[in-house]
Amino acid sequence: MYTPLFSSLLKHQEKNPVSFHVPGHKNGLLLPEETSRFFKNVMKLDVTELSGLDDLHDPHGVIDEAQSLAASFYGAEKTFFLVNGSTSGNLAMILSCCREGDTVLVQRNSHKSIMNALELAKADPVFISPKIDEALHVPSYVEEDRIAEAIEAYPHAKALIITNPNYYGVTADLTRIVRLAHSYSIPVLVDEAHGAHYGIGAPFPESALKAGADAVVQSAHKTLPAMTMGSFLHVNSRLVSFRRVAKLLSMLQTSSPSYPIMASLDLARAFAQEIKDSGRAGELALEASKIKEYFNSIEGIKAIGTEDPNAIQDPIKLAIVSETGLSGFDLQERFERHGIYGELADERNFLLIAGLGKSSFRHPGLEKEFSSMTNPAKTKLPITFPSLPASKLSLTYGEMEQTAKEEVHLHEADGRVMAEAVIPYPPGIPLLLAGERISEQHIEWILQMKDRGARFQGRQNRNFNTVAVYKKG
């Protein structure tokens, strides 16, 4: 396993170096005694830009080589190591393409870092709603005809921003969408945070890079053995400027990057490379399927995935649902009683992420927990609402900064411009974004969701009797 950056860090430590440089733990020597057994070894790798260890912001040595190996593995022209998470990558790729007033086509169920990037750029976003997955009851991907309609309406858009896969591992083939966007010279930017392991081989999905996407961000720490905040930004097209991306990353990322995080990215790439080269992807998918079969053998629960014929399900994403009327939050509580911690819960699902390795997972206590529940109850389906047409903001980001806000009763908000996002969770699709105009239909949906007990992200007013709107001029 060839890991130039990690190997160079090990060679440096073999010299028994004396530290008269930052960081202040001095190669792990200066630590509280009670923490030493946890941190001492990794602190030996936590160094700074010393001779032979290169510089993330001006790489010409082992970091450059490690990034080049990652680019080669993923099929990118250029790969950047991210030590501030995928958030920094999303910000950089969007800011590299979008400037103030630029029209940008955006998948509505995008991560908040994408929304923040649009605001920082003061772009003019057009939001496109995804379809709802009928099995999982969560937002999945934007259908091709919706994107085609948006591109036809806004042919001079500066970027198309897609989230693929969704959190639950539902993945769409973007090849035709990328080809369509490129016919208009529109770069396709993909938040592929949950797909860093894609491309290791069937039955795992291929990365959006394979479909020809211009820039792709991946959270290596989510599904590969990288440290938290370790991510990749791949650039694969002259429609996105390598030089501008590099400049933005030097501004957005810390000037003191973590060598342990960077080394873990080197190792994560090598880990994925070994799986692909050895042809073990099918074996690892089978291991994940064994876990799914085990949960399906427990009376009262089952593991599900998408049933959409136009999508691919990531084998390591397992959504557990109750057959006895429990919510995903109830399931989470019961699993955690037995020391089993999943990724997230929603109104219906408890999401588990299996690892890319062998598993013989069994838990008798868990089996007893659910098999004792013998009274099936009808499970309430999550609240959904029809997909919204492509829409723009009624106020620009610049205008929002200059406009005062006020709280009004929900029933009096019809026709007003929102000064906050309304995000029912689940399903987590923004029903309204700051700068959008609220309608009677929006109010009706909000009231229906309130009656069903839906939660709204970020709401200080939990009863949702009022909303923040911009004052009229």
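Described in the following lines is the structure provided in the data block. Since this is a predicted model, take the numbers as computed values, not measurements.

Per the secondary structure count, the chain includes 15 helices and 18 strands. Scaling as 2.2 N^0.38, a compact globule of 473 residues should have a C-alpha radius of gyration of about 23 Å, and the chain matches this with 24 Å. Referenced to the eigenvectors of the C-alpha coordinate spread, the extents of the chain come out at roughly 70 × 60 × 45 Å. The long-range share in the chain, meaning contacts at least 24 apart out of those at least 6 apart in sequence, stands at 70%. Looking at the chain as shown, the accessible area adds up to about 21400 Å², and 49% of this sits on carbon and sulfur atoms. The averaged location of the 57 negative side-chain charges in the chain is 2 Å from the averaged location of its 48 positive side-chain charges.

Position of Asp314 relative to the elements: it lies in the loop between β10 (311-313) and β11 (317-322). The contacts of Asp314, once residues within four sequence positions are left out, are Gly169, His194, His197, Tyr198, Phe204 and Pro205.

The element strand β4 (residues 159-163) is extensively covered by neighbouring structure, given that five of its five residues are classed as buried. Where burial is concerned, the two faces of β4 agree: the one with Ala159, Ile161 and Thr163 and the one with Leu160 and Ile162 are both buried. Examined bridge by bridge, strand β2 (residues 103-107) and β4 share three bridges and lie parallel to one another. Along β4, the bridge assignment pairs Val104 with Ala159.

Within β2, five of the five residues are buried, which leaves it mostly tucked inside the rest of the structure. Across the two faces of β2 the burial is the same, with Thr103, Leu105 and Gln107 and Val104 and Val106 all buried. Strand direction decides the pairing type here: β2 and strand β3 (residues 124-128), joined by five bridges, are parallel. Following the sheet pairing, Thr103 is matched in β3 by Asp124. Considered for its hand, the β-α-β crossover made up of β2, helix α5 (residues 112-121) and β3 is right-handed.

Definitions and limits used
Residues numbered from 1 in each chain as written. Predicted model: local features only at pLDDT ≥ 70, side-chain atom pairs only at ≥ 80, totals over all residues. Heavy atoms only, no water. Helix = DSSP H or I, 4+ residues; strand = E, 2+ residues; numbered from the N terminus. Rg over C-alpha atoms; globule rule 2.2 N^0.38 Å. Contact = heavy atoms within 4.5 Å. Areas by Shrake-Rupley, 256 points an atom, 1.4 Å probe, with all protein chains shown as cover. Lys, Arg positive; Asp, Glu negative; His and termini not counted. Charge placed at Lys NZ, Arg CZ, Asp CG, Glu CD. Buried < 20%, exposed > 50% of the residue type's maximum accessible area, 1.4 Å probe, protein only. Pairing = 2+ DSSP bridges. Right-handed = clockwise from strand over helix to strand, strands pointing away.

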